[in-house]
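Residue-level listing of the chains:
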Amino acid sequence: MKYLAVDFGEKRTGIAVSDSGGSMAFARTTIHKVTKEKFWNDLLRVVEEEAPGAIVVGIPRTADGGDTLTVRRIRNFIASLQRRCDLPVYMMEETLSSYDAETRLREAGKNRCGLDAAAAAGILESFLNLPEDRRTPL
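What counts, and where the lines are drawn
- Residues numbered from 1 in each chain as written.
- Predicted model: local features only at pLDDT ≥ 70, side-chain atom pairs only at ≥ 80, totals over all residues.
- Heavy atoms only, no water.
- Helix = DSSP H or I, 4+ residues; strand = E, 2+ residues; numbered from the N terminus.
- Buried < 20%, exposed > 50% of the residue type's maximum accessible area, 1.4 Å probe, protein only.
- Contact = heavy atoms within 4.5 Å.
- Core = buried A, V, L, I, M, F, W, Y, C linked by side-chain atoms within 4.5 Å.
- Phe/Tyr/Trp six-rings, centres within 6.5 Å; stacked < 30°, edge-to-face > 60°.
- Lys NZ or Arg CZ within 6 Å of the ring centre and 35° of its normal.
- Pairing = 2+ DSSP bridges.
- Axes fitted to C-alpha atoms, helices over the stretch in contact; angles between N-to-C directions.
- Expected span 1.5 Å × (residues − 1).
- pLDDT = per-residue confidence, 0-100.

**Description of the environment of Leu81**
In this structure, Leu81 sits in helix α2 (residues 69-84). Looking at Leu81, the relative accessible area reads 1%, which means it is buried. On a C-alpha basis, the gap between Leu81 and Leu43 in space is 9.5 Å, while along the polypeptide they are 38 residues apart. The residues contacting Leu81, other than those within four sequence positions of it, are Trp40, Leu43, Ile55, Val57 and Val89.

Shown next, in the form of structure tokens:
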């Protein structure tokens, strides 16, 4: 199955997709939030173009497992996504995904331009590496 991953942010949201077999992740694009309406139009257009079987959303965790403002915003985003899209949605722990993506980009000699999409690809790679019995949609 093909998956689409989202690294949600208040200003920028990274998007990555897997191959049709769900074994490799590829950074796809970054959606810049200009207005709420444009953000949702852009996101749903990418979902329609990519035609995934499910969506994976990264969610950070604190050391004590508590919710932060960022986690609450991502949960609100997921609820809005589920109202707008009938695909299964999975959450994937993504603490330090942006840091890891920045490190990989720097090591590859690339700039931060694709950081958000690279972070989404990292989230998707982690998800694809999970055994299927540990993947539970919301």
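**Here we look at the nonpolar core**
Counting residues in hydrophobic clusters, the biggest one holds 21 residues, and the most contacted among them are Leu4, Val6, Leu43, Ile55, Val57, Phe77 and Leu81. Broken down by secondary-structure element, the contributors of at least two residues to this core are β1 (3-7), β2 (12-18), α1 (36-50), β4 (54-59) and α2. Ala16, Ala54, Ile123 and Leu124 belong to the second-largest nonpolar core, a separate cluster that totals 15 residues.

**Concerning the packing of aromatic side chains**
In total, this model carries eight aromatic pairs according to the counting rule given. Centroid distance Phe39 to Trp40: 5.3 Å. Interplanar angle 80°. Geometry classified as edge-to-face. The class of Phe39 is buried, set by a relative accessible area of 2%. Relative to Phe77, the ring of Phe39 lies with its centre 6.2 Å away and its plane at 65°, an arrangement referred to as edge-to-face. Taken together, the residues span a long stretch of sequence, with Phe39 in helix α1 and Phe77 in helix α2 at a distance of 38 residues. Every member of this aromatic cluster is reached through a ring pair, and the members are Phe8, Phe39, Trp40 and Phe77. The residue whose ring lies beneath Lys33 is Phe39, and the NZ or CZ to ring-centre distance is 5.9 Å. Positioned above the aromatic ring of Phe127, the side-chain terminus of Arg135 is 4.8 Å from the ring centre.

**Some remarks on the sheet that holds strand β5 (residues 89-93)**
Judged by pairing direction, the sheet is mixed, and its five strands sit side by side in the order β3-β2-β1-β4-β5 without closing on themselves. Either end of the sheet is taken by a strand with one partner, and the two such strands are β3 (25-32) and β5. Between one strand axis and the next, the sheet turns through 25° on average, direction left out of account. With respect to the sheet, α1 is in contact with β1, β2, β3 and β4, its orientation differing from that of β3 by roughly 155°.

**Notes on unusual backbone geometry**
Located in the positive-phi region is Ala51, a residue other than glycine, with phi close to 50°. Mapping Ala51 onto the fold places it in the loop between α1 and β4. Overall, the relative accessible area of 55% leaves Ala51 in the exposed class.

**Considering α2**
A rise of 1.5 Å per residue sets the reference length of α2, with its 16 residues, at 22 Å; its end C-alpha atoms lie 23 Å apart and thus fit the reference within 8%. The set of residues buried in α2 consists of Val71, Ile74, Phe77, Ile78, Ser80 and Leu81. Against β1, α1, β4 and β5 lie the buried residues of α2.

**Focus: the confidence of the model for the chain**
Here the chain shows a mean pLDDT of 88. Residues at 70 or above account for 85%. When mean pLDDT is compared element by element in the chain, α1 scores highest at 98, while helix α3 (residues 97-107) scores lowest at 53.

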